[in-house]
Amino acid sequence: MLLTATSLTQLPSLASEIISFAKANRIFLFYGDMGAGKTTLIKSLCECLGTTEPVTSPTFSIVNEYIGTKNRIYHFDFYRLKNQTEALDMGYEEYFYSDAYCFIEWPEKIPDLLPDHYIEVKITTLPDNSRQIIIAQI
Ligand SMILES: Nc1ncnc2c1ncn2[C@@H]1O[C@H](COP(=O)(O)OP(=O)(O)OP(=O)(O)O)[C@@H](O)[C@H]1O
Ligand SMILES: [Mg+2]
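Per-chain numbering applies: the sequence of each chain, read as written, is numbered from 1 onward. For naming, the first written chain is A and the first written ligand is 1, with later ones following in the order written. Only residues with pLDDT of at least 70 get local features here, since the model is predicted, and only at 80 or more are side-chain atom pairs given and counted; chain-wide, interface and lining totals rely on the full set of residues. Side-chain figures throughout are based on the complete set of non-hydrogen atoms in the structure, without hydrogens or water.

Draft legend 1. Region of the structure containing helix α2 (residues 38–48). A 1.4 Å probe rolled over the protein chains alone gives each residue an accessible area, and that area as a share of the maximum for its type sets the label: buried under 20%, exposed over 50%, partly exposed in between. The way it works is that DSSP assigns letters per residue, a run of H or I at least four long becomes a helix, a run of E at least two long becomes a strand, and they are numbered from the N terminus. All of the buried residues in α2 are K38, L41, I42, S44, L45 and C46. Phi turns positive, to about 100°, at G50, one or two residues after α2.

In structure tokens form, the structure reads like this:
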């Protein structure tokens, strides 16, 4: 599925389309350069799932936890991970294989730990500053 966001105001409706597209899939991997808009889109997805608390980048904590209306949500940012052992040590499996939603920034840092099936979200900044968002079920 290909979506385009020309402004931030479109993100809430795009987020609900993405959640519908994913059906029962709850693990989402976000790919895109620094500043592409991964955290910003995740914020909209969390709000779509009913989170009322502020959604901020978990860069330093690696994982943030939010409560949605029906689901728990884990938001990961692996950017600062030094190696995959750190993810093992933090008990990533407990999060990935719970029935919570998992939104993962910088999955490139854990190439050997990725689940077999997930929703892939690729974000690209276009020259006019809009964002192209490509969603696939892997
Ligand atoms: N769809 C959009 N349209 C316009 N601006 C956007 C959009 N999405 C994000 N931005 C802007 O881009 C900036 C960076 O976004 P964000 O922090 O979400 O990027 P990121 O991909 O999470 O980066 P990082 O890899 O550093 O975590 C923010 O200022 C945000 O407002
Ligand atoms: Mg981010």
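Let's pick the thread back up.
Draft legend 2. Structural detail: the packing of aromatic side chains. Pairing of aromatic side chains requires ring centres within 6.5 Å, counting the rings of Phe and Tyr and the six-membered ring of Trp. Pairs whose planes differ by under 30 degrees are stacked, by over 60 edge-to-face, and all others tilted. Summed over the entire model, instances satisfying the criterion amount to 11 aromatic pairs. A centroid spacing of 6.3 Å and a plane angle of 65° characterise the contact between F96 and Y97, whose relative ring orientation is edge-to-face. Under the relative-accessibility criterion, F96 is labelled buried at 2%. Taken together, a centroid distance of 5.9 Å and an interplanar angle of 40° make the contact between Y101 and F103 tilted.

Draft legend 3. A look at the pattern of salt bridges. Take a side-chain nitrogen of Lys or Arg and a carboxyl oxygen of Asp or Glu: if they are within 4 Å of each other, that pair is a salt bridge. Within this structure, the stated rule accounts for 4 salt bridges. Between E86 and K82 there is a salt bridge; the shortest N-O distance is 3.7 Å. For E86, a relative accessible area of 28% corresponds to the partly exposed category. Owing to a relative accessible area of 70%, K82 belongs among the exposed residues under this scheme.

Draft legend 4. Layout of the sheet that holds strand β1 (residues 2–5). Two strands form a pair only when DSSP identifies at least two bridges running between them. Strand order across the open sheet formed by 7 strands is β1-β7-β6-β2-β5-β4-β3, with mixed pairing between neighbours. Edge positions in the sheet fall to β1 and β3 (63–67), since each of these pairs with one other strand and no more. Mean inter-strand twist for the sheet, computed between neighbouring axes without regard to direction, equals 20°. Bridging between β3 and strand β4 (residues 72–77) involves 5 bridges; their strand directions are antiparallel. When the bridges of β4 are listed, N64 appears paired with H75. Working rule for contacts: check all heavy atoms of both residues, and any pair within 4.5 Å makes them a contact. Lines fitted to C-alpha atoms define the axes, with helix axes restricted to the stretch in contact, and inter-axis angles between N-to-C directions lie between 0 and 180 degrees. Across the face of the sheet, helix α1 (residues 11–22) comes into contact with β1, β2 (27–31), β5 (101–105), β6 (119–125) and β7 (131–137) while running at roughly 165° to β1. Sheet strands touched by α2: β2, β3, β4, β5, β6 and β7. Its angle to β5, the strand with the most contacts, is close to 170°.

Draft legend 5. Local environment of the site of ligand 1. Distances are taken per atom, and a residue is near a molecule or strand as soon as one of its heavy atoms is within 4 Å of it. Contacts to ligand 1 come from 13 residues, most closely from G35, G37, K38, T39 and T40. In the analysis that follows, any N or O atom pair within 3.5 Å is treated as a polar contact, provided that within protein one partner can donate a hydrogen and the other can accept it, and provided that, for residues neighboring in sequence, both atoms belong to side chains. A distance of 2.9 Å is found between an oxygen atom of ligand 1 and a backbone nitrogen or oxygen belonging to G35. One nitrogen or oxygen atom from the side chain of T40 is found 2.5 Å from an oxygen atom belonging to ligand 1. Residue burial considers only the protein chains on display, and all accessible areas are found by Shrake-Rupley using a 1.4 Å probe. Bound to the protein, ligand 1 loses 71% of the 650 Å² it would expose on its own. Residue classes follow a fixed rule: Ala, Val, Leu, Ile, Met, Phe, Trp, Tyr, Cys and Pro count as nonpolar, while Asp, Glu, Lys and Arg count as charged, and any other residue, Gly among them, counts as polar. In terms of residue class, the shell around ligand 1 is made up of 5 nonpolar, 4 polar and 4 charged.

Draft legend 6. Region of interest: the pairing of β6. With 4 bridges joining them, β2 and β6 adopt parallel strand pairing. The residue of β6 that forms the bridge with Y31 is K122. Looking at chain direction, β6 and β7 are connected through 7 bridges and run antiparallel. What sits directly across from E120, in β7, is A136. Counting the residues that bridge the hairpin from β6 to β7 gives 5 residues, and of these N129 lies at a positive phi of roughly 75°.

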